[in-house]
Amino acid sequence: MSDKLLLVPLGGMGEIGKNMFVYQYRDEIVVIDAGLKFPEDEMFGVDYVIPNITYLLENQAKVKAIFLTHGHEDHIGALPYVLKQLPVPVYGTRLTIGLLKIKLDEHNINAVLKEVKAGEEVKIGSFQLTCFHVNHSIPDSIGLAIKTPVGTILHTGDFKLDQTPVDGKVTDYFTLTRLGNEGVLGMLSDATNAHRLGYTKSERDVGKVFEDIFGKAKGRLIVASFASNIHRIQQVFDTAVRFRRKVAVVGRSMIKNVEVATELGYLTYPDSAYVEIEELDSLAADRIVIVSTGSQGEPLSGLTRMAAGSHPRINIVPGDTVIFSSTPVPGNEKLVSKVIDSLSKAGARVIYQGIADVHVSGHASREELKLLINMTRPKFMVPCHGEYQHQAAFSDLAQLMGYDASAVLSVENGHVVEFTPDSARVVGSVTAGSVLVDGIGVGDVGNVVLRDRQQLAADGVMVVAATVDRSARKVIAGPDIISRGFVYVKESEDLLSQAELNVSVALHKALQDHTDWVALRNAIREPLANFLYEKTRRRPMILPVLLEANRN
Ligand SMILES: [Zn+2]
Ligand SMILES: [Zn+2]
């Protein structure tokens, strides 16, 4: 029996977020990335979603290392939670490790962190990993060529092929073609933009648009972008210097990212180009650029607070120009649109993608994907970092290039993909899914809690309180109804007193037949729910609170 290489995605399949990929050969496991995902609308109160790592915990002794492709949250965000349960060495490039350190410090976690460079080879058991540089919307991104006794797997990580990147470092075409010549068994490819025609524009193109906008602006310029998009921030600084403006930085994550990137040399600007936010008042409006968080309309971010007039230092005034140098992540469109509206109301000129090309994607479009496939000619491909529509678009693209449909595997989280030197197929599945993080609770919010939160948010809550004497089978006090988020109490007195009457009758009746608390509570809940639904078509959460009368 020939040896097999297993690939088990624990996240990142059929979704954009919580990327985590397990490679297993015999009793050795190497994990690539451990990211988080931001919650969906109906996940009330949930802060993050992280991958379920049961499979790794069951195979803890086999896990040798976690490799990181780059410093985005959807690739490193779950590490504070993962490392608590699975303390293994983490490998990443300098900026990735720098950003991770901040995160781990916040969680008081000590981890073994190992810096690698693009071009470096790392041997871990039977795995030989080659890190190769790729372009993406954060510097110091890498892909990994994973050489195993079964064959080589190319794990692209998030990438694009930018011929004119801001830092001059292009995707490592040389290594990719060399690997292609040596033979690639499988490729896990970023499929985020597999549906987009042509090529993704160069990051540098945004700089040209900035130049145009900066040249025309008469007042302050405020640029909102992802805090991790260091090349974008670099271009803001560069353009600001050209137009003799100074840059102030607003927002916790933006300040931290600018700090780390400057310290590690990924962001460079003359000292004189930087200004503290407290010193802005001493500058004329046409000498100011503010770089801020809030490009996704996040309610507590710098820009959102400026737009709402609740920022302690900066108010939007007519003459301001605000640039959204980003596109909304799916699900954030409404939030962003609301902020754009408030900014416009306050008199700012707002420029966003669509009005001008103030953003480019960090992911490869179809022609870039084709180029990569032609350079490497993998036998099998697994599109990842995409929803099913993106995975399907990738499969179509490969078939256009002459690949057989069976060469592109459709893989879901938890699937076990088995590679042999000449085959690849899904052979089974393991536990995988989402763990919800709410505050300091990890995994304690499950489906039941979420359903409660959905019900509370949709129809409110009604507390029914009564004191009963179970041995005398009598209601001593109440029932009283208190409701929140259900109806406006002052205008619904009739409804509520009718409800009280109903509960009273039901409770008296129930006391004749039952004395156990569960039966009594149910005797209140069911008729009340039916009554309220009949009258209002709403289903508030009903909480009966019954007390035993004090008999002495
Ligand atoms: Zn990324
Ligand atoms: Zn990503």
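Residues numbered from 1 in each chain as written. Chains lettered and ligands numbered in written order. Predicted model: local features only at pLDDT ≥ 70, side-chain atom pairs only at ≥ 80, totals over all residues. Heavy atoms only, no water.

1. With respect to the overall build of the protein chain
Along the protein chain, the regular secondary structure elements total 15 helices and 25 strands. C-alpha atoms of the protein chain, sized along the principal axes, occupy 90 × 75 × 45 Å. Here the protein chain holds 552 residues, and the buried ones make up 54% of them. Residue pairs in contact within the protein chain that sit at least 24 positions apart in sequence constitute 70% of those at least 6 positions apart. Measuring between centres, the 58 positive side-chain charges of the protein chain sit 1 Å from its 65 negative side-chain charges. (Helix = DSSP H or I, 4+ residues; strand = E, 2+ residues; numbered from the N terminus. Buried < 20%, exposed > 50% of the residue type's maximum accessible area, 1.4 Å probe, protein only. Contact = heavy atoms within 4.5 Å. Lys, Arg positive; Asp, Glu negative; His and termini not counted. Charge placed at Lys NZ, Arg CZ, Asp CG, Glu CD.)

2. A closer look at the pattern of salt bridges
All told, the structure shown has 17 salt bridges when counted by the stated rule. Taking the shortest distance from any N to any O, the salt bridge between Arg 26 and Asp 3 comes out at 2.4 Å. Here Arg 26 is found in the loop between β2 (20–25) and β3 (28–32), whereas its partner Asp 3 is found in the segment before β1 (5–11), with 23 residues between them in sequence. The residue Lys 256 makes a salt bridge to Glu 106 at a minimum N-O spacing of 2.6 Å. With a gap of 150 residues between them, Lys 256 in helix α8 (residues 252–263) and Glu 106 in helix α4 (residues 94–106) connect regions that are remote in the sequence. (Salt bridge = Lys/Arg side-chain N within 4 Å of Asp/Glu carboxyl O.)

3. Focus: the coordination of the zinc ion (ligand 1)
Within the protein, His 70 (NE2), His 72 (ND1), His 136 (NE2) and Asp 158 (OD) serve as the donor atoms for the zinc ion (ligand 1), at 2.1 to 2.4 Å. With 4 donor atoms in place around the zinc ion (ligand 1) and angles of 89 to 167° between them, the coordination shape is irregular. We note that the donor set of the zinc ion (ligand 1) lies within a single chain, spaced as H-x1-H-x63-H-x21-D. Between the zinc ion (ligand 1) and the zinc ion (ligand 2) the interatomic distance comes to 3.3 Å, and Asp 158 is a ligand of both metals. Here His 70 is found in the loop between β5 (63–67) and α2 (73–76), whereas its partner His 136 is found in the loop between β9 (127–134) and β10 (141–147), with 66 residues between them in sequence. (Donors = N, O, S within 2.8 Å, 3.2 Å for Na, K, Ca; no water. Tetrahedral: all angles 85-135°; square planar, octahedral: opposite > 155°, others 65-115°.)

4. Comments concerning the coordination of the zinc ion (ligand 2)
Taken together, Asp 74 (OD), His 75 (NE2), Asp 158 (OD) and His 385 (NE2) make up the protein donors of the zinc ion (ligand 2), found 2.1 Å from the metal. Considering all 4 donor atoms around the zinc ion (ligand 2), angles at the metal cover 88 to 168° and the coordination shape is irregular.

5. Re the pairing of strand β24 (residues 474–484)
Relative to β24, strand β23 (residues 461–469) runs antiparallel, the two sharing 8 bridges. Counterpart to Val 461 in the pairing with β24 is Arg 484. (Pairing = 2+ DSSP bridges.)

6. Comments concerning the environment of Val 339
One can find Val 339 in helix α10 (residues 333–345). The exposure class of Val 339 is buried, given its relative accessible area of 4%. Sequence separation between Val 339 and Tyr 266 is 73 residues, and the spatial gap between their C-alpha atoms is 30 Å. Once you skip the residues sitting within four places of it in the chain, Val 339 turns out to touch Gly 297, Leu 303, Thr 304, Ala 307 and Phe 324.

7. Let's talk about the domain arrangement of the protein chain
Note on interface size: it is often stated as the accessible area lost on association of the parts. In terms of domains, the protein chain is made up of domain 1 (5–198 + 361–442), domain 2 (203–352) and domain 3 (460–548). Here the C-alpha centroids of domain 1 and domain 2 sit 31 Å apart. Opposite the 18 residues of domain 1 that make contact, domain 2 presents 15 residues. Here domain 1 and domain 2 share an interface that buries about 1600 Å² over both sides, 57% of which is from carbon and sulfur atoms. For the domain 1 face of the interface with domain 2, the top three residues by lost area are Arg 94, Pro 139 and Val 166, together amounting to 34%. At the junction of domain 1 and domain 2, the tally comes to 2 salt bridges. Salt-bridge contacts for Glu 106 lead to Arg 252; the nearest nitrogen and oxygen are separated by 3.8 Å. The interface formed by domain 1 and domain 2 includes 8 residue pairs in polar contact (both at pLDDT 80 or more). Here the residues of the side of domain 1 that touches domain 2 are counted per class, giving 7 nonpolar, 5 polar and 6 charged. (Domains from an automatic or database assignment. Buried area = accessible area lost by both parts, 1.4 Å probe. Polar contact = N/O pair within 3.5 Å; in protein donor to acceptor, adjacent residues only side chain to side chain. Nonpolar A, V, L, I, M, F, W, Y, C, P; charged D, E, K, R; others polar.)

8. Some points on the packing of aromatic side chains
By the definition in use, this model includes 6 aromatic pairs. Judged by centre distance (6.5 Å) and plane angle (55°), the rings of Phe 214 and Phe 243 are tilted. Here Phe 243 lies in the loop between α7 (230–242) and β14 (246–250) and Phe 214 lies in helix α6 (residues 203–216), a separation of 29 residues in the sequence. A residue is classified by how much of its surface remains accessible, and Phe 214, at 2% relative accessible area, is buried. You can call Phe 243 partly exposed: its relative accessible area is 27%. (Phe/Tyr/Trp six-rings, centres within 6.5 Å; stacked < 30°, edge-to-face > 60°.)

9. Some details on the packing of α6 against α7
Packing of α6 against α7 leaves a shortest axis separation of 10 Å and a crossing angle of 35°. In the packing of α6 onto α7, the handedness of the crossing is right-handed. Here Glu 203, Arg 204, Val 206, Gly 207, Phe 210, Glu 211 and Phe 214 of α6 come into contact with α7, specifically with His 231, Arg 232, Gln 235, Val 236, Thr 239, Ala 240 and Arg 242. Across the contact of α6 with α7, the residue classes break down as 5 nonpolar, 4 polar and 5 charged. (Axes fitted to C-alpha atoms, helices over the stretch in contact; angles between N-to-C directions. Left-handed = near helix turned anticlockwise from the far one by under 90°.)

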